Amino acid sequence: MCRHAAWLGPPRPLSSLIGDPEHGLLHQAYAPRLQRYGTVNADGFGMGWYADGRAEPVRYRRSVPIWADANLPGLAEVARSGCLLAAVRSATVGMPIEESATAPFTDGRWLLSHNGRVERDALLSLPAGPGPAPGSPCDSAWLAAAVFARLRAGTPVAEAVARVVTETARADPEARLNLLVCGGSEIVATAWGDTLFSHIHEGVLLASEPLDGRPGWRAVDDRTLVVASPDGVSVTRI
Ligand code: GLN
């Protein structure tokens, strides 16, 4: 995924990440302002949210450009939650363009998006866990499976994400590993090789690049882990 965004706070519609803000993901799909790798994000899109009475998130993903889905605006307007994730994709060369390669990847209550690229061989060197097999040959799906395996083994989410990123980077020093993981009441994100911004107002917004021109957007330092929960936001070096 080349641009992703998430919200934690009072319930909002998914359109607050996509079509409502001036530079939301709909705009970032064809005119990203800070993208370093790739020019447009037209290889699919996805979103996930949490609905009352359902333990697992609802996921919607397509392999068409986000602007080509005429059903999306209405759906994004009514899909409301206190924890949201959305992403638009620019496929890495060699990766399939299909729904199963598109974020968010999901397992149980988790939603995961990856902005970057990694040699899949680097992921083979990570200790295997009890997780689901990757649902696609896409590098991001493999990365998601590595995180999910640790989560299923009981590793706390911040530690699971930090470990997968640092261990993968050791095996592939060129890897770009911006991850965004939502669990319904928390978001864990990494800045590792690409841009990430935060905006704290009534809740927490994390996005590859600012969604609008409001003051308060702050660039997150590279090689850091951001943890957002109802207790607050922490940023630590990894
Ligand atoms: N490597 C991932 C893919 O192919 C993510 C791509 C990206 O961040 N541009 O989907």
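A few points on the structure. (Residues numbered from 1 in each chain as written. Predicted model: local features only at pLDDT ≥ 70, side-chain atom pairs only at ≥ 80, totals over all residues. Heavy atoms only, no water.)

Focus on the overall build of the protein chain
Threshold: What counts as a helix is a DSSP run of H or I of at least four residues, what counts as a strand is a run of E of at least two, and both are numbered from the N terminus. For a compact globule the rule gives 2.2 Å times the number of residues to the power 0.38, and the radius of gyration it is set against comes from C-alpha atoms. For every residue, the accessible area (1.4 Å probe, protein chains only) is compared with the maximum for its type, and the residue is labelled buried under 20%, exposed over 50%, or partly exposed between those bounds. We call two residues in contact whenever any of their non-hydrogen atoms come within 4.5 Å of each other. To be clear on the numbers: accessible area is Shrake-Rupley with a 1.4 Å probe, and residue cover counts the displayed protein chains and nothing else.
The number of helices and strands found in the protein chain is five helices and 13 strands. Taken over C-alpha atoms, the radius of gyration comes to 16 Å for the protein chain, in line with the 18 Å a tight globule of 238 residues would show. Across the 238 residues in the protein chain, those meeting the buried criterion constitute 55%. Counted over contacts in the protein chain with a minimum sequence separation of 6, partners at least 24 positions apart contribute 67%. Roughly 9,800 Å² of accessible area belongs to the protein chain as shown, and the carbon and sulfur atoms make up 51% of that amount.

Looking at the pattern of salt bridges
Applied cut-off: A carboxyl oxygen of Asp or Glu within 4 Å of a side-chain nitrogen of Lys or Arg is what we treat as a salt bridge.
This structure, assessed with the given rule, holds twelve salt bridges. With a closest N to O distance of 3.2 Å, R109 and E186 form a salt bridge. Linking R109 in the loop between β5 (105-107) and β6 (110-117) with E186 in the loop between β7 (176-182) and β8 (187-191), this pair joins segments that are 77 residues apart in sequence. Owing to a relative accessible area of 35%, R109 belongs among the partly exposed residues under this scheme. A relative accessible area of 15% means that E186 is categorised as buried. One salt bridge connects D222 with R223, and the closest N-O pair in it is separated by 3.8 Å. We classify R223 as partly exposed; its relative accessible area is 36%. Connected via shared salt-bridge partners are R3, D194 and E209.

Here's the deal with helix α4 (residues 139-152)
The criterion, for reference: Here, expected helix span is obtained from the residue count minus one, scaled by 1.5 Å.
Taking 1.5 Å per residue, 14 residues should reach 20 Å; α4 reaches 20 Å between its end C-alpha atoms and fits that length. Judged by how many residues are buried, α4 sits mostly within the fold: twelve of 14 residues are covered. Taken together, the buried positions of α4 are occupied by D139, S140, A141, L143, A144, A145, A146, V147, F148, A149, R150 and L151. In the core, the buried residues of α4 are packed alongside β5, β6, α3 (120-124), α5 (157-171) and β7. The first or second residue beyond α4 is G154, which carries a positive phi of 100°.

So, a nonpolar patch on the surface
The line we're drawing: Nonpolar side chains (Val, Leu, Ile, Met, Phe, Trp, Tyr) within 5 Å and like charges within 9 Å form the patches, drawn only from residues with over 30% relative accessible area and no salt bridge.
Residues L26, Y30, V40 and W67 make up a contiguous nonpolar surface patch of about 370 Å² in total accessible area. Counting through the fold element by element, V40 comes out in the loop between α1 (25-30) and β2 (45-49). Classification of V40 by relative accessible area gives partly exposed; the value is 38%.

Examining the nonpolar core
In a soluble, globular protein the nonpolar side chains are often hidden away together inside. Our working rule: We call a set of buried Ala, Val, Leu, Ile, Met, Phe, Trp, Tyr and Cys residues a nonpolar core when their side-chain atoms join them within 4.5 Å.
In terms of nonpolar packing, the biggest core is built from 32 residues, with L112, V161 and L177 touching the most fellow members. For this core, the secondary structure elements donating two or more residues are β6, α3, α4, α5 and β7. In contact with L112, other than residues within four places in its own chain, are A103, P104, F105, A144, V147, F148, L179, L180 and V181. Counting 22 residues, the second-largest nonpolar core is a separate cluster that includes M47, A86, A207 and W217.

Remarks on the environment of A6
Here A6 lies in strand β1 (residues 3-13). Residue classification places A6 among the buried residues on the basis of a relative accessible area of 0%. As for A6 and V118, which are separated by 112 residues in sequence, their C-alpha atoms are 22 Å apart. Filtering out sequence-adjacent residues up to four positions away, A6 remains in contact with L17, L84, L85, L180, C182, I187, V204, L205 and L206.

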